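Close look at the chain arrangement
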Amino acid sequence: MATSSAGITAAHGRIVRIGNGAGFWGDSARGPAQLVHDGSIDYLTMDFLAEITMSILQKMRARDPDKGYATDFVSQLEAILPECVAQGITVIANAGGVNPEACGHAVRAVVDRLGLDAVVATVAGDDVLPQLDELVSAGHELRHLTTGEPLAAHLDRVRSANAYLGAFPIAEALRRGAGVVITGRVADASLTVAPLIHEFGWGPADLDKLSAATVAGHIIECGPQCTGGNLDRWREVPSLETIGYPIVEVTEDGTFVVTKPVGTGGLVDVDSVTAQLLYEIGDPQRYLTPDVVADFTSVVLTQAGPDRVRVTGVRGTAPTDSLKVSVSLQQGWKITGVLTVGGPDAVDKAHATVRILFARLAEAGVTFPEQDCLVEVLGTNVLYPGMLPSPPGIPSEVLLRICVRGPDRAALDRLGAEIASLVTSGPPGLTGFSGGRPRASEVIGFWPALLDRGVVSATVSVGDPVATAAGVPA
């Protein structure tokens, strides 16, 4: 599948248009459909993976070796792939999770069923869980980036371990003719960087251009969060119900414009782009990716017209010798119970309900350390204590939320059973148990670490993965 409109030219040179149709696993299916139908794009990217998502997908694969990927992607792609092929739109998604090969197989089945001419590629190699014991034994300590603690003492609790790959393996898949590229854990922005490497022939030494592409990818990676979604000026955002998903129009010199499909809701202005630009960046002068270290303080934003923001001036330096590794590990269990408390004295009744609950549990020999318990009476300014004025008057209804964590799953489930009993044995006005009693669920901890990039190798498979797999640098 060849790109379609990447040959469009403008005063700044040839333009490549990339739209991002998903900011997380669970984003609306309207995003990719909107961009394909109305966006006039060359590439559609879809970002499915957060850190916690990897551990969820790892549990799925443990139960079924043919799972472990974002299943929503397959059904969403089936709905739009015929039009993508007709328009020459290439799709790039990290929907492969911890099993990109299985996701690739599912997508190839869709291609065959629809009778389409589309080459499917997968990029793997990010999953270092099978080599984790060997890596630690070889001296790779994988120290926690915040605490400095080595991972060795916790290996028995590790559930997933994935290195963040960069854009060049994806660009290799594009070079080899892929029309759909499915990856595992790659840096979010690299989904956008890769097609620009492919289209413009950029190499590892084109640091400013790679940095500009990284900024472009970062701006659109959360979908409509840069087109008016989640904006503090939300009252001024037109037609949020039809909000447009973002598009970047990139030229060979690295300058680009952020926009959205014509006629969609939302807005693109310097404020909306700035809000996303500052999202989850750490040190703004050193935004670390596998491809480049981007300097976000060099970014210049200019309103270039209605719903068009031009981005220029981006600078960058060479990437580090390490790759970030996202490790998830088992950290016990948790339970959350919610009750609606209504009527006179709702706040007092909510606090009385908590006292009754924990007294009954103690009577049965079930206790929890105070630091492992969180009790919130929502409606009494508990979300922003000391930051917002207290609500006027006493609310006549509140939401009581009780969260407890611990190593004993049975003790937590006992708490869930006792919460349910309160609706007939506690203060009056308790309701909200239509979903049944809460049950304990596993707590997954996040362990960020660094790993020598020399021990990680990406595997690019195009078409038949057995016949055409090839390793490339991460």
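Quantities reported herein were computed from a predicted structural model and do not represent experimental measurements. (Residues numbered from 1 in each chain as written. Predicted model: local features only at pLDDT ≥ 70, side-chain atom pairs only at ≥ 80, totals over all residues. Heavy atoms only, no water.)

Things to note about the overall build of the protein chain
Here is the rule: Secondary structure counts use DSSP, requiring at least four H or I residues in a row for a helix and at least two E residues in a row for a strand, with both numbered from the N terminus. Throughout, radius of gyration means the C-alpha value; the globule benchmark is 2.2 Å times the number of residues raised to the power 0.38. Contacts were defined at the residue level, with two residues in contact if any of their heavy atoms lie within 4.5 Å. Note on areas: Shrake-Rupley with a 1.4 Å probe; residue coverage comes only from the protein chains shown.
Looking only at helices and strands, one finds 12 helices and 21 strands in the protein chain. Over its C-alpha trace the protein chain gives a radius of gyration of 25 Å, about what one expects of a compact globule, namely 23 Å for 474 residues. Taking the principal axes of its C-alpha atoms as reference, the protein chain extends roughly 70 × 55 × 45 Å. Across the protein chain, every contact between residues at least 6 apart in sequence was considered, and the portion connecting residues at least 24 apart equals 74%. Accessible surface for the protein chain amounts to roughly 20,300 Å². Of this, 53% is attributable to carbon and sulfur atoms.

Some details on the pattern of salt bridges
Just so we agree on the cut-off: We define a salt bridge as a contact between a side-chain nitrogen of Lys or Arg and a carboxyl oxygen of Asp or Glu at a distance within 4 Å.
Under the defined criterion, the tally for this structure stands at 19 salt bridges. Here Glu442 makes a salt bridge to Lys59, at a shortest N to O gap of 3.3 Å. Of this pair, Glu442 sits in strand S19 (residues 441-452) while Lys59 sits in helix H2 (residues 51-63); the two residues are 383 residues apart in sequence, bridging distant segments of the chain. Arg175 serves as the salt-bridge partner of Glu172, at 2.7 Å between the closest nitrogen and oxygen. One end of the pair, Glu172, and the other, Arg175, are both in helix H6 (residues 168-175), 3 residues apart, so they sit about a helical turn from each other. Among the ionic contacts, a cluster of salt bridges with common partners joins Arg233, Glu236, Asp269 and Asp271.

Focus on the pairing of strand S8 (residues 247-251)
To keep things clear, this is the line we draw: To sort residues, take the accessible area from a 1.4 Å probe on protein chains only and compare it with the maximum for the residue type: under 20% means buried, over 50% means exposed, and anything in between is partly exposed. Strands were regarded as paired on the criterion that DSSP finds at least two bridges between them.
Of all 5 residues that make up S8, 5 are buried, and the element is covered over most of its length. Side chains of S8 alternate between two faces, with Ile247, Glu249 and Thr251 and Val248 and Val250 buried alike. In this sheet, S8 lies alongside strand S2 (residues 13-20) in antiparallel orientation, the contact comprising 5 bridges. Bridge pairing in S8 places Ile18 opposite Val248. Strand direction decides the pairing type here: S8 and strand S9 (residues 256-259), joined by 4 bridges, are antiparallel. Bridge assignment links Ile247 to a residue of S9, and that residue is Thr259. In this structure, the hairpin formed by S8 and S9 is closed by a connection of 4 residues, where Gly254 is found at a positive phi of approximately 95°.

Brief notes about helix H10 (residues 346-363)
Condition: Helix span, as expected, comes to 1.5 Å for every residue beyond the first.
For H10, which comprises 18 residues, the first-to-last C-alpha distance of 26 Å matches the rise-based estimate of 26 Å (1.5 Å per residue) to within 8%. Packed against the buried residues of H10 are strand S15 (322-342), strand S16 (373-378), strand S17 (397-406), helix H11 (409-425) and strand S18 (430-431). Looking one or two residues past H10, Gly365 carries a phi angle of roughly 80°, positive in sign.

A short note on the packing of helix H3 (residues 71-87) against helix H4 (residues 100-114)
Helix packing for two helices is described by the angle between their axes and how far apart those axes are. As a reminder, the rule being used: Where helices are involved, their axes are fitted lines through C-alpha atoms of the stretch in contact, as for all axes, and angles between N-to-C directions lie from 0 to 180°. We call a crossing left-handed when the near helix sits turned anticlockwise from the far one by less than a right angle, and right-handed when that turn is clockwise. Following the grouping adopted for this structure description, the nonpolar residues are Ala, Val, Leu, Ile, Met, Phe, Trp, Tyr, Cys and Pro, the charged ones are Asp, Glu, Lys and Arg, and the polar ones are all others, Gly among them.
Where H3 contacts H4, the axes come no closer than 10 Å and their chain directions differ by 35°. Here H3 runs over H4; the crossing is right-handed. On the side of H3, the interface is formed by Phe73, Val74, Leu77, Glu78, Leu81 and Pro82, while H4 contributes Cys103, Ala106, Val107, Val110, Val111, Arg113 and Leu114. Here the contact of H3 with H4 is built from residues that sort into 11 nonpolar, no polar and 2 charged.

A short note on a nonpolar patch on the surface
Going by this rule: Distance thresholds for patches are 9 Å for like charges and 5 Å for nonpolar side chains (Val, Leu, Ile, Met, Phe, Trp, Tyr), applied to residues having over 30% relative accessible area and no salt bridge.
Together, Leu383, Tyr384, Met387 and Leu388 make up an exposed nonpolar region whose accessible area comes to about 460 Å². Note on placement: Leu388 falls in the loop between S16 and S17. Residue Leu388 is classed as partly exposed on the basis of its relative accessible area of 46%.

Description of the side chain of Ser211
Note on placement: Ser211 falls in helix H8 (residues 207-220). Owing to a relative accessible area of 0%, Ser211 belongs among the buried residues under this scheme. Setting aside residues up to four positions removed in sequence, Ser211 forms contacts with Val292, Val293, Ala294, Val314, Arg315, Gly316 and Thr317.

A closer look at helix H7 (residues 190-200)
Across the 11 residues of H7, 10 count as buried, placing the element largely inside the fold. Buried residues of H7: Ser190, Leu191, Thr192, Val193, Ala194, Pro195, Leu196, Ile197, Glu199 and Phe200, and no others. Immediately downstream of H7, the backbone of Gly201 shows phi near 70°, a positive value.

Observations concerning the pairing of S2
Counted only if it meets this: By the criterion used throughout, a crossover qualifies as right-handed when its path from the first strand across the helix to the second strand runs clockwise, the strands pointing away from the viewer.
Most of S2 is tucked away, with 6 of its 8 residues classed as buried. Considered for its hand, the β-α-β crossover made up of S2, helix H1 (residues 30-38) and strand S3 (residues 43-46) is right-handed.

Comments concerning the environment of Asp291
Operational definition: N or O atoms closer than or at 3.5 Å make up a polar contact, with two conditions inside protein: a donor-capable atom paired with an acceptor-capable one, and, for residues adjacent in sequence, both atoms drawn from side chains.
If you trace the backbone, Asp291 turns up in the loop between strand S10 (287-288) and strand S11 (293-295). Under the relative-accessibility criterion, Asp291 is labelled buried at 4%. Along the backbone, Asp291 and Pro344 are 53 residues apart, and their C-alpha atoms lie at a distance of 60 Å. If sequence neighbours within four positions are ignored, Asp291 has contacts with Gly166, Ala167, Phe168, Ser190, Val193, Leu210 and Pro319. A distance of 2.6 Å separates a polar atom in the side chain of Asp291 from a polar atom in the side chain of Ser190.

Points about the sheet that holds strand S14 (residues 315-317)
Paired through backbone hydrogen bonds, the strands of a sheet run either parallel or antiparallel to each other. Taken in spatial order, the 3 strands of this open sheet run S10-S11-S14, and their pairing is antiparallel. Each of the sheet's edge strands pairs with one partner strand only, and the pair in question is S10 and S14. Of the strands in this sheet, S10, S11 and S14 are in contact with H8, which crosses S14 at around 110°.

Examining the packing of aromatic side chains
To be explicit about the condition: In this analysis, rings of Phe, Tyr and Trp, with Trp reduced to its six-membered ring, are considered paired at centre separations within 6.5 Å, and the interplanar angle assigns stacked below 30 degrees, edge-to-face beyond 60, and tilted for intermediate values.
In this structure the tally under the stated criterion is 3 aromatic pairs. An angle of 75° between the planes, with centres 5.8 Å apart, marks the rings of Phe48 and Phe73 as edge-to-face. Remark: Phe73 occurs in helix H3 and Phe48 occurs in the loop between S3 and H2; sequence separation between them is 25 residues. This pair shows no difference in class: Phe48 is buried, exactly as Phe73 is. Summarising the aromatic geometry, the rings of Phe200 and Trp202 are spaced 5.4 Å apart at their centres and angled 35° between planes, so their arrangement reads as tilted.

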